[in-house]
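Chains, contacts and geometry: an overview
The residues making up each chain are set out below.
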Amino acid sequence: MFDLSSVDLLDVFTRQLRLCKLRADEHVVVLAEPDSRGDYVAAAFGAAKACGAHVIAATVPGGTPAPMPSTHTGAGPGLTSVLNDTTAQALLKSADLVVDLTREGFIHAPVQQEILRAGTRILFVCDAPEVLIRNLPKEEDKAEVLRGVELLKRSAQMRVRSAAGTDLTVQLDGSRPEFQCGFADDPGRWDHWPSTMVLCWPELSDGQIVLAPGDILLPFKEYVREPVTLRIVDGHIEKVSGGAEADLLATFFADSRDTWARSLSHMGWGLMRTADWFATAMYGKDELMGMDARAFAGNFLWSTGPHPVLGRESYAHLDIAMRGCSVTVDGTEVVVDGRLAVDLGPAGG
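Keep in mind the model is a prediction, meaning the values are calculated, not measured.

What counts as what
Residues numbered from 1 in each chain as written. Predicted model: local features only at pLDDT ≥ 70, side-chain atom pairs only at ≥ 80, totals over all residues. Heavy atoms only, no water. Helix = DSSP H or I, 4+ residues; strand = E, 2+ residues; numbered from the N terminus. Rg over C-alpha atoms; globule rule 2.2 N^0.38 Å. Buried < 20%, exposed > 50% of the residue type's maximum accessible area, 1.4 Å probe, protein only. Areas by Shrake-Rupley, 256 points an atom, 1.4 Å probe, with all protein chains shown as cover. Lys, Arg positive; Asp, Glu negative; His and termini not counted. Charge placed at Lys NZ, Arg CZ, Asp CG, Glu CD. Patch = residues over 30% accessible without salt bridge, like charges linked within 9 Å, V, L, I, M, F, W, Y side chains within 5 Å. Salt bridge = Lys/Arg side-chain N within 4 Å of Asp/Glu carboxyl O. pLDDT = per-residue confidence, 0-100. Contact = heavy atoms within 4.5 Å. Arc of directions from axis to C-beta. Phe/Tyr/Trp six-rings, centres within 6.5 Å; stacked < 30°, edge-to-face > 60°. Lys NZ or Arg CZ within 6 Å of the ring centre and 35° of its normal. Pairing = 2+ DSSP bridges. Axes fitted to C-alpha atoms, helices over the stretch in contact; angles between N-to-C directions. Core = buried A, V, L, I, M, F, W, Y, C linked by side-chain atoms within 4.5 Å.

1. Looking at the overall build of the chain
Looking only at helices and strands, one finds 10 helices and 20 strands in the chain. For the chain, the C-alpha radius of gyration of 19 Å lies close to 20 Å, the compact-globule estimate for 349 residues. Each of the three principal axes of the chain carries a C-alpha extent, and together these read 55 × 45 × 40 Å. Considering the chain as a whole, with its 349 residues, one finds that 55% of them fall into the buried category. When the accessible surface of the chain is split by element, carbon and sulfur atoms take 51% of a total near 14,200 Å². Here the chain carries 32 positive and 47 negative side-chain charges, and the mean point of each set is 2 Å from the other.

Here you go:
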């Protein structure tokens, strides 16, 4: 951690908005809640002005729908003050770009899809300043993740294995491959700064996942200490066994009272080469969302709960980031023992 001036933040936010292709004739809404970082609001506002855009800073009341707490994880449905306010929604739909500085975002809320369908692009930002600066994306990152998306689109099966015992077979048919590149430059695009990853939403997967010591459980922001084995049948977690973290996961699934808590959601691999696996240990849990772990280059990231392809709404959302895995897609190695493997060739149109 180090001290950053307002000038540093203004500079990095300006570079980010230029990656988002913000034009001088566009309209920006900087969305915040009372708990949002004031220096981020000022930096985003100033950056939009520096790009010549029209800009409004809108602060809405905090708070998420009961019984969801504000977890600073992105797992919840978003702010009640926006979910229940059509005027606020209309403001966001009228913008060309929304810089979302709220603690939760609207990642898994249907209202976000409505805003995106209006052509608004959304950039979600909620990690610590040093994390944002270290992981400021490059324009070429988008081409790299698109190559991964194209590979998934033309493939039938993904296989994930590890020395710890993971052996998972994933059927890719209908899995709607997607990406995050850390900037939102196309109309109707949502993205997350920082992030660089390839992901998909499969329905069927079978085998076992073995979490090894040092893997990271999100949103708990805890490192695994003892191996955990999860038996996967038809995309659902049938059994969890192991030490303390196994008990933690089993309790989470039971306490969520969510039909889809044990169902697998998105999965894929990270390509953010500037990510720091140990950032989770170096910050307070309220200081970061954990994107260093989620997008770490060569990780395997999988999740539970919501599944837009299958129409599943769920807020029992876990992201689990694993190191040391090997990932193959129809026989093409993309990750080998936790390291990115090959150039996947040019991105398709």
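2. What to know about a negative patch on the surface
The grouping of E203, D206, D234 and E238 at the surface amounts to a negative patch. Residue D234 is classed as partly exposed on the basis of its relative accessible area, which comes to 42%.

3. Notes on unusual backbone geometry
Here the amide bond leading from W193 into P194 is cis, since omega sits at 5 degrees, within 30 degrees of zero. Position of P194 among the secondary structure elements: in the loop between β8 (190-193) and β9 (197-200). The residue K21 is not glycine, and still its phi comes out positive at about 60 degrees. Its location among the elements puts K21 in the loop between α1 (6-19) and β1 (27-32).

4. What about the confidence of the model for the chain?
The predicted model of the chain has a mean per-residue pLDDT of 92, with 93% of residues at 70 or higher. Per-residue pLDDT stays below 50 along residues 67-73; that stretch engages in 23 contacts with residues further than four places along the chain or on separate chains.

5. A few points about helix α5 (residues 110-117)
Those residues of α5 that fall on the buried side of the exposure criterion are V111, Q112, I115 and L116. Take α5 and look down its axis: the buried residues cluster within an arc of 140 degrees, on one side only. Downstream of α5 by one or two residues, G119 has phi in the positive range, about 95 degrees.

6. Digging into the pattern of salt bridges
When the charged atoms of two side chains lie near each other, side chains of opposite charge can form a pair. On inspection of all chains with the given rule, the structure shows 19 salt bridges. Note that D191 and R189 form a salt bridge whose closest N and O atoms lie 2.7 Å from each other. This pair shows no difference in class: D191 is buried, exactly as R189 is. Of the charged contacts, one joins R294 and D319 as a salt bridge, the two residues approaching to 2.7 Å between their closest N and O atoms. Pair noted here: R294 is in helix α10 (residues 291-294) and D319 is in strand β17 (residues 319-322), with a separation of 25 residues, a long-range link. Assigned by exposure class, R294 and D319 land together as buried. Connected through salt bridges with shared partners, the residues K21, K142, D185 and D186 form a single ionic network.

7. Section: the packing of aromatic side chains
In total, this model carries 5 aromatic pairs according to the counting rule given. When the centroid spacing of 5.0 Å and the interplanar angle of 70 degrees are considered together, the rings of F13 and W193 count as edge-to-face. Of this pair, F13 sits in helix α1 while W193 sits in strand β8, and the two are 180 residues apart along the sequence. By the burial criterion, F13 is buried, and W193 matches it. Seen in terms of ring centroids, F252 and F253 are 6.0 Å apart; in terms of plane orientation they differ by 65 degrees. Their pairing is edge-to-face. For F253, a relative accessible area of 6% corresponds to the buried category. Put simply, the rings of F13, Y40 and W193 pair up and form one aromatic cluster. Above the ring of F179, the side-chain terminus of R189 is found at 3.9 Å from the ring centroid. The ring of W277 is capped by R323, whose NZ or CZ atom sits 5.3 Å from the centre of that ring.

8. Focus: the sheet that holds β1
Pairing is parallel across the open sheet formed by 5 strands, whose spatial order is β2-β1-β3-β4-β8. Both edges of this open sheet fall to β2 (54-59) and β8, since each of them pairs with a single strand only. Averaged over all pairs of adjacent strands, the angle between strand axes in this sheet comes to 20 degrees, irrespective of strand direction. As judged from the 6 bridges shared by β1 and β2, these two strands associate in the parallel manner. Directly across from L31, in β2, lies its bridge partner A58. With respect to the sheet, α1 is in contact with β3 (97-100), β4 (121-125) and β8, its orientation differing from that of β8 by roughly 150 degrees.

9. Some details on the nonpolar core
Membership of the largest hydrophobic core comes to 71 residues, with the highest contact counts inside it found for F13, M158, L211, L230, L249, W269 and W302. Looking at which element gives the most residues to this core, the answer is helix α2 (residues 38-50), with 6 residues. Not counting residues up to four positions away in its chain, the partners in contact with L249 are L211, F220, V228, L230, V240, L318 and I320. With 20 residues, the next largest nonpolar core counts L31, A109, I115 and C126 among its residues.

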